[in-house]
Amino acid sequence: MLDWWLPENVSTYGREIDWLFHLIYAITGVTAILVFAAMLAFLVMYRDRPGRRARYTHGNTTLEIVWTVVPALILVILTFLSVPAWSKIKMQAPPPSDFVLHVTAKQFNWQVTYPGPDGKFGTDDDKTMLDEMHVPVNKVIHVHLRSQDVIHSFFVPQFRMKQDAVPGREIVQWFEATKPGKYELPCAELCGFGHSGMRGWIYVHTPEEYAKWAAENLTAQAAPAAEPTKAEEAKPATPAAKGGKAKR
Ligand SMILES: [Cu+2]
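Some remarks on the sheet that holds strand E9 (residues 181-186)
Hydrogen bonds between backbone atoms are what pair the strands of a sheet, whose relative direction is either parallel or antiparallel.
At step 1: A sheet is described by the order of its strands in space; here three strands give the open sequence E4-E10-E9, paired in mixed fashion. Sheet topology places strand E4 (132-136) and E9 at the edges, where each strand pairs with a single neighbour. Each strand axis lies, on average, 25° off the axis of its neighbour in the sheet, ignoring direction.
At step 2: Where E4 meets strand E10 (residues 199-205), five bridges bridge the pair, whose relative direction is parallel. The partner of Met133 across the bridge, within E10, is Ile202.

Below, the structure is given as C-alpha cells:
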C-alpha cells in the first residue's frame, strides 16, 4: 500500500521504517476522515432553521475522557512499535563493519573521506571526494558524520536514512544498501543561502565494480577525484572551522 509514492527502498532497514510510516499514515488518514465527516454532519444537523433555538451545553465528561485517553494510548502504542526499528537504526551500536567513511558537511558540500591505502584516517593518503560517495552493495557502511559550520542533515531517501550533522560532534550512523545504483544525498536542513544546491550522490556498486573504482581512485597514485580547488577546501576536516571554508 502507498508504495507508489515513496522512493524505492534499497536499505536493509527500510521496510521497518516504511511499515511504521504506513501505519501512522493510516491512523492519521482515518482520523482525518472521521473528523471531517463529523464536521460536515454537524454542519447539516445543527444548521439554523426557523423556530430553532440554540441550547447551552456543559460538555460531556465521558466524551472528553475518551478523546483524550484514546489518542494518548495510540501514541504510547506507536512509541512501543517504533522502538525495535529505532533502536536498531539509531540507538544500538551499528552492526560491525570494516568499511568506515568520514563525512564532513559544510556550507554547501558533503566531504566524503576514505582512509586511503593505509586504512587509517588523519594520514596524508586520505582521499576526500566532494559530493560523491562510492560504496559496495550488501555491505554495512559506517558513516562518521561531522559538520564544519552549521547543522546539516544527511538524508538518503532510498536508504530511509536521515541524520543531522552537528558542529562539534561526531555521530556514527550506518546503512547497508541492497541494490546497485546512483542515489541522491540532499542536505535536509535549511543550512544557509546555498542549501538547495547542497547535494551529493551515493554510487552503490557491485563488489567487482567497487573494487575497480577503488583501485582507480583510492590507491596512492590516484589523483583526487574532486577538482583541485574544491579538494583543497575539502581536505581538512576541522569541525570548528568557521565561515564555511576550512583552513590548513
Ligand atoms: Cu546543509
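Continuing now.
Structural notes on a positive patch on the surface
At step 1: On the surface, Arg47, Arg49, Arg52 and Arg55 cluster together into a patch of positive charge.
At step 2: When you line up the elements, Arg55 lands in the loop between helix H1 (14-45) and helix H2 (61-91).

Considering the coordination of the copper ion
At step 1: Looking at the copper ion, the protein donor atoms are His152 (ND1), Cys187 (SG), Cys191 (SG) and Met198 (SD), and they sit 2.1 to 2.6 Å from it.
At step 2: Between consecutive donors of the copper ion, the numbers of intervening residues give the motif H-x34-C-x3-C-x6-M. With a gap of 46 residues between them, His152 in strand E6 (residues 152-156) and Met198 in the loop between E9 and E10 connect regions that are remote in the sequence. Each member of the pair, His152 as well as Met198, carries the same accessibility label: buried.

Some thoughts on the confidence of the model for the protein chain
At step 1: Mean pLDDT over the protein chain works out to 88, with 87% of the residues at or above the 70 mark.
At step 2: Per-element mean pLDDT across the protein chain ranges from 44 in helix H4 (residues 228-234) up to 97 in E6.
At step 3: Of the regions scoring below 50 in pLDDT, residues 226-248 engages in 38 contacts with residues more than four places distant in sequence or in other chains.

Regarding the pattern of salt bridges
Once the charged atoms of two side chains with opposite charge are near each other, the side chains can pair.
At step 1: Taken as a whole, this structure holds seven salt bridges when the rule is applied.
At step 2: The shortest N-O distance in the salt bridge between Glu8 and Lys179 comes to 2.8 Å. In this pair, Glu8 sits in the segment before H1 while Lys179 sits in the loop between strand E8 (171-176) and E9, placing the two residues 171 residues apart along the sequence.
At step 3: Of the residues examined, Lys179 reaches a relative accessible area of 36% and is grouped as partly exposed.
At step 4: Residues Glu216 and Lys212 are paired through a salt bridge, measuring 3.8 Å at the closest nitrogen-oxygen approach. Taken together, the positions of Glu216 and Lys212, both in helix H3 (residues 207-217) and four residues apart, correspond to about one turn of that helix.

Here we look at the packing of H1 against H2
At step 1: At a minimum axis distance of 10 Å, the contact between H1 and H2 shows a crossing angle of 165°. Here H1 is positioned roughly antiparallel relative to H2, judged by the angle of their axes. For the element pair H1 and H2, the recorded crossing hand is left-handed. The segment H1 lies against H2, with Glu16, Ile17, Trp19, Leu20, Leu23, Ile24 and Ile27 engaging Ile74, Leu78, Leu81, Ser82, Ala85, Lys88 and Ile89.
At step 2: Residue composition of the contact of H1 with H2, grouped by class: 11 nonpolar, one polar and two charged.

Each value, and the rule that gives it
Residues numbered from 1 in each chain as written. Predicted model: local features only at pLDDT ≥ 70, side-chain atom pairs only at ≥ 80, totals over all residues. Heavy atoms only, no water. Pairing = 2+ DSSP bridges. Helix = DSSP H or I, 4+ residues; strand = E, 2+ residues; numbered from the N terminus. Axes fitted to C-alpha atoms, helices over the stretch in contact; angles between N-to-C directions. Patch = residues over 30% accessible without salt bridge, like charges linked within 9 Å, V, L, I, M, F, W, Y side chains within 5 Å. Areas by Shrake-Rupley, 256 points an atom, 1.4 Å probe, with all protein chains shown as cover. Salt bridge = Lys/Arg side-chain N within 4 Å of Asp/Glu carboxyl O. Lys, Arg positive; Asp, Glu negative; His and termini not counted. Charge placed at Lys NZ, Arg CZ, Asp CG, Glu CD. Donors = N, O, S within 2.8 Å, 3.2 Å for Na, K, Ca; no water. Buried < 20%, exposed > 50% of the residue type's maximum accessible area, 1.4 Å probe, protein only. pLDDT = per-residue confidence, 0-100. Contact = heavy atoms within 4.5 Å. Parallel < 35°, antiparallel > 145°, perpendicular 65-115°, else oblique. Left-handed = near helix turned anticlockwise from the far one by under 90°. Nonpolar A, V, L, I, M, F, W, Y, C, P; charged D, E, K, R; others polar.

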